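Structural characterization, general
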Amino acid sequence: DLNTVIDEVMRETRVIQLNAQRSRDELHQMKARVDESGREIERLQSELAQASEMVRHDHLTGALNRKGMDETLDRELARTRRRKSPLCLALLDVDNFKQLNDKYGHQAGDDALVYLTQTIKDTVRPDDVVVRYGGEEFLILLPDTGQDEAIAVIVRLQRALTRELFLHNNERMLITFSAGVAQRVAAESKEALIGRADKALYRAKEAGKNRVIASSLSDLAPFAGTRSV
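Everything in this summary refers to the structure shown in the same document.

Rules used throughout
- Residues numbered from 1 in each chain as written.
- Predicted model: local features only at pLDDT ≥ 70, side-chain atom pairs only at ≥ 80, totals over all residues.
- Heavy atoms only, no water.
- Helix = DSSP H or I, 4+ residues; strand = E, 2+ residues; numbered from the N terminus.
- Rg over C-alpha atoms; globule rule 2.2 N^0.38 Å.
- Buried < 20%, exposed > 50% of the residue type's maximum accessible area, 1.4 Å probe, protein only.
- Salt bridge = Lys/Arg side-chain N within 4 Å of Asp/Glu carboxyl O.
- Core = buried A, V, L, I, M, F, W, Y, C linked by side-chain atoms within 4.5 Å.
- Contact = heavy atoms within 4.5 Å.
- Pairing = 2+ DSSP bridges.
- Axes fitted to C-alpha atoms, helices over the stretch in contact; angles between N-to-C directions.
- Patch = residues over 30% accessible without salt bridge, like charges linked within 9 Å, V, L, I, M, F, W, Y side chains within 5 Å.
- Areas by Shrake-Rupley, 256 points an atom, 1.4 Å probe, with all protein chains shown as cover.
- Phe/Tyr/Trp six-rings, centres within 6.5 Å; stacked < 30°, edge-to-face > 60°.
- Lys NZ or Arg CZ within 6 Å of the ring centre and 35° of its normal.

**Section: the overall build of the protein chain**
- Within the protein chain one finds 6 helices and 7 strands.
- When its helices and strands are written in sequence order, the protein chain yields α-α-β-α-α-β-β-α-β-β-β-α-β.
- Computed over its C-alpha atoms, the radius of gyration of the protein chain comes to 30 Å, more than 25% above the 17 Å expected for a compact globule of 229 residues.
- The C-alpha extent of the protein chain, read off along each of the three principal axes, is 115 × 50 × 25 Å.
- Per-residue burial over the protein chain gives 38% buried out of 229 residues.

Have a look at this one:
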């Protein structure tokens, strides 16, 4: 009888051991699947973040595009209102860009835009924002910056382009731009601010190009009724 009991206990013990081993194996498999799922989630999140960045950035120059600009400008305007700090915006247009494209080809034009973008990023502060506004137009957002200081930054950028000439097929080219600069006034919307910078840019082009012109007080009149939300 004792042997029978011992045999039964041994059988039950083996069954328990087998079940425990099976449970451990299942747990290991589940952990492996969880780890694999975690890695897949991280991969998808990384791809989503990259896709989001691509949506917000210009594929050629790496600068923000219009969508990225809207998000950033809204955020900076809110911060400016909250802190009551100055905010300036510069609108740049490459001089004689069509002639460059016509003479040297569109690849040269693309390379010139990439070169200009990198020169801008090397010249401005890390907190300043560079936007490809459209074609050969760029917008630079300068937080915590008054108008005189903003003009000095853009002039410094012009000098940087003069010192380091653009090189295409071993031929050196001088890239210049015209710019309009506007400092935001109280309760001014982003559309009104960009509009004033654009008017100043137009005057810079009319004055002979390769110039930086500040928005004048008269530019405020057409936007007097515009208010930011």
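Let's pick the thread back up.
**Notes on the pattern of salt bridges**
- Counted under the stated rule, the structure contains 14 salt bridges.
- Notably, a salt bridge pairs Lys190 with Asp70, separated by 3.8 Å at the nearest N-O pair. Highlighted residues: Lys190 in helix H6 (residues 190-206) and Asp70 in helix H2 (residues 66-83), separated in sequence by 120 residues.
- With its nearest N and O atoms 3.2 Å apart, the salt bridge here joins Asp144 to Arg79. Taken together, the positions of Asp144 in the loop between strand E3 (137-143) and helix H5 (147-163) and Arg79 in helix H2 put the pair 65 residues apart, joining distant regions of the chain.
- One network of salt bridges, in which partners are shared, links Arg56, Lys67 and Glu71.

**Some details on the nonpolar core**
- Leu92, Ile120, Ile140, Ile154, Ile175 and Phe177 are the most contacted members of the largest nonpolar core, which has 30 residues in total.
- Residue assignment for this core shows that the elements contributing at least two residues are strand E1 (87-94), helix H3 (97-104), helix H4 (106-123), E3, H5 and strand E6 (177-183).
- Among the elements that make up this core, the one with the highest residue count is H4 (6 residues).
- Residue contacts for Ile175: discarding those within four places in its chain leaves Val94, Leu100, Ala112, Tyr115, Leu161 and Phe166.
- Membership of the second largest hydrophobic core comes to 17 residues, among which are Leu73, Leu91, Val131 and Ile194.

**Re the sheet that holds E1**
- Taken in spatial order, the 5 strands line up as E2-E3-E1-E6-E7 in an open sheet, and their pairing is mixed. Taken across any chain shown, the strands that pair with only one partner, and hence form the sheet edges, are strand E2 (129-134) and strand E7 (212-214). Here the strands of the sheet are splayed against their neighbours by 20° on average, with no regard to which way each runs.
- As defined by bridge partners, E1 adjoins E3 across 7 bridges and the pair is classed as antiparallel. If you follow Asp93 over to E3, its bridge partner there is Glu137.
- The strands that H6 touches are E1, E2, E3, E6 and E7; relative to E6, the one it contacts most, it runs at about 145°.

**Observations regarding the environment of Leu174**
- Structurally, Leu174 is set in the loop between strand E5 (171-173) and E6.
- Placed 148 residues apart in sequence, Leu174 and Glu26 show a C-alpha to C-alpha distance of 69 Å.

**Remarks on a nonpolar patch on the surface**
- On the surface, a cluster of nonpolar side chains totalling about 300 Å² of accessible area is made up of Leu2, Ile6 and Met10.
- You can call Leu2 exposed: its relative accessible area is 63%.

**A word on the packing of aromatic side chains**
- All told, the structure shown has 1 aromatic pair when counted by the stated rule.
- The ring of Tyr133 has Arg66 lying over it, and the distance from NZ or CZ to the ring centre is 3.8 Å.

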